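# Structural characterization, general
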Amino acid sequence: IAGITQAPTSQILAAGRRMTLRCTQDMRHNAMYWYRQDLGLGLRLIHYSNTAGTTGKGEVPDGYSVSRANTDDFPLTLASAVPSQTSVYFCASSPLASSTDTQYFGPGTRLTVL
Amino acid sequence: AQSVAQPEDQVNVAEGNPLTVKCTYSVSGNPYLFWYVQYPNRGLQFLLKYITGDNLVKGSYGFEAEFNKSQTSFHLKKPSALVSDSALYFCAGRTAYSGAGSYQLTFGKGTKLSVIP
């Protein structure tokens with residue numbers, strides 16, 4: 001079934017460690033996004049990529065970095081994890097970088113930083 | 001700045017009764033509005049969206065939403081609730097591209113819907 005896969009499903013991480021969350025889509029969508037979901041705050045955009053080779057900062061980018069070397073993959077890296085980065089992380093994609101396009105979400109990665 | 005509000009943290013409804021999950025928005029220009037549903041330990045699933053045209057939008061699983069420009073609302077509705085509709089519902093919105101670089105969706109905080117058998 002076509003869609004978005006994320007790995008790992010969940011992870012417990014010691015503070016200060018480096019971690020990369022993986023996201024792959026097989027829909028050939030141009031735009032991809034990373035959100036974090038925290039209780040009572042909804043979803044907040046971390047970084048985005050409107051097309052392969054370009055990235056941009058969202059609402060809460062500090063402590064995170066992304067790359068978009070090709071259309072399908074959009075990894076999110078925490079260079080030195082802190083407890084406040086404990087959250088559920090969702091990758092999403094849309095066919096185009098467009099105001100009217102629907103974003104489609106992956107199953108999420110639950111990250112706990114101790 | 002744009003914002004989306006879901007005034008109710010939780011909505012309880014009896015199975016078979018109509019349900020409404022409320023959403024109000026504050027965006028400049030023409031709003032583009034979306035509803036998503038999230039089941040436990042799952043990602044968000046798209047339900048429906050309003051871009052332009054008919055104010056009543058029909059979506060997946062029998063859901064519909066009514067866009068009301070004067071009240072800046074986009075409430076989600078279903079005529080007859082099912083127990084399987086119990087989930088977390090998110091309203092989201094954005095405007096046309098502002099030149100800021102991101103087609104960011106602004107999400108509400110979510111409303112937990114419980115359908116009671």
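Quantities reported herein were computed from a predicted structural model and do not represent experimental measurements. The residue numbering used here restarts from 1 in each chain and proceeds along that chain's sequence as written. To read the labels, note that chains go from A and ligands from 1, taken in the order they are written. Two thresholds apply to this predicted model, a pLDDT of at least 70 for residue-level local features and 80 or more for giving and counting side-chain atom pairs, whereas whole-chain, interface and lining totals are computed over all residues. Side-chain descriptors were evaluated using all non-hydrogen atoms of the structure, hydrogens and water having been removed beforehand.

### Overview of the packing of aromatic side chains
Only Phe, Tyr and Trp rings are paired, with Trp represented by its six-membered ring, and only when their centres lie within 6.5 Å; those with planes under 30 degrees apart are stacked, over 60 edge-to-face, the remainder tilted. This model, assessed by the stated rule, comprises 14 aromatic pairs over all chains. Of the aromatic side chains, those joined through ring pairs into one cluster are Y33, Y35, Y104 and F105 of chain A together with Y36, F46, F90 and F107 of chain B.

### Here we look at the nonpolar core
All names here are of chain B. As used here, the term nonpolar core means buried Ala, Val, Leu, Ile, Met, Phe, Trp, Tyr and Cys residues forming a set that is joined through side-chain atoms within 4.5 Å. Any residue under 20% of the maximum accessible area for its type is buried, any over 50% is exposed, and the rest in between are partly exposed; the area is computed with a 1.4 Å probe on protein chains only. One finds W35, L47, L48, F74, L76 and Y89 to be the most contacted residues of the largest nonpolar core, which totals 26 residues. When contributions to this core are tallied by element, the ones reaching two or more residues are β2 (10-14), β3 (19-21), β5 (32-38), β6 (44-50), β8 (64-68), β9 (73-78), β10 (87-94) and β12 (111-116). Residue contacts are defined here by distance: any two heavy atoms, one from each residue, within 4.5 Å place the two residues in contact. For L48, the contacting residues outside a window of four places in its chain are L33, F34, W35, V57, K58, G59, F63, E64, A65, F74 and L76. Working definition: helices are DSSP H or I runs of at least four residues, strands are E runs of at least two. Numbering for both runs from the N terminus.

### Describing the interface of chain B and chain A
Facing the 26 residues of chain B at the interface are 23 residues of chain A. Buried area: the accessible surface (1.4 Å probe) lost by two parts on joining, summed over both. Between chain B and chain A the total buried area reaches about 1,900 Å² when both faces are included, carbon and sulfur atoms providing 52% of it. Interface area lost by chain B to chain A is led by L44, Y103 and F107 of chain B, which between them contribute 27%. A side-chain nitrogen of Lys or Arg and a carboxyl oxygen of Asp or Glu constitute a salt bridge if their distance falls within 4 Å. Our count for the contact surface shared by chain B and chain A stands at zero salt bridges. Whenever two N or O atoms come within 3.5 Å, that pair is a polar contact, provided that in protein one can donate a hydrogen and the other can accept it, and provided that, for residues adjacent in sequence, both atoms are side-chain atoms. Across the contact surface, chain B and chain A share five residue pairs in polar contact (both at pLDDT 80 or more).

### Looking at the pairing of strand β4 (residues 31-38) of chain A
Residues and elements named next belong to chain A. The element β4 is largely enclosed, with a buried count of eight among its eight residues. For two strands to pair, DSSP has to find at least two bridges joining them. Across seven bridges, the pairing between β4 and strand β9 (residues 87-94) is antiparallel. Considered in β9, the bridge of W34 is made with C91. As judged from the seven bridges shared by β4 and strand β5 (residues 42-49), these two strands associate in the antiparallel manner. Along β5, the bridge assignment pairs Q37 with L43.

### Comments concerning the sheet that holds strand β8 (residues 76-78) of chain A
Residue and element names in this part refer to chain A. Here four strands make up an open sheet; going across it, the order is β1-β3-β8-β7 and the pairing antiparallel. Only two strands of the sheet have a single partner each, and these edge strands are β1 (4-7) and β7 (64-66). Averaged over all adjacent pairs, the angle separating strand axes in this sheet is 20 degrees, with direction ignored. Angles here are taken between N-to-C directions and fall from 0 to 180 degrees, while the axes themselves are lines fitted to C-alpha atoms, restricted in helices to the stretch in contact.

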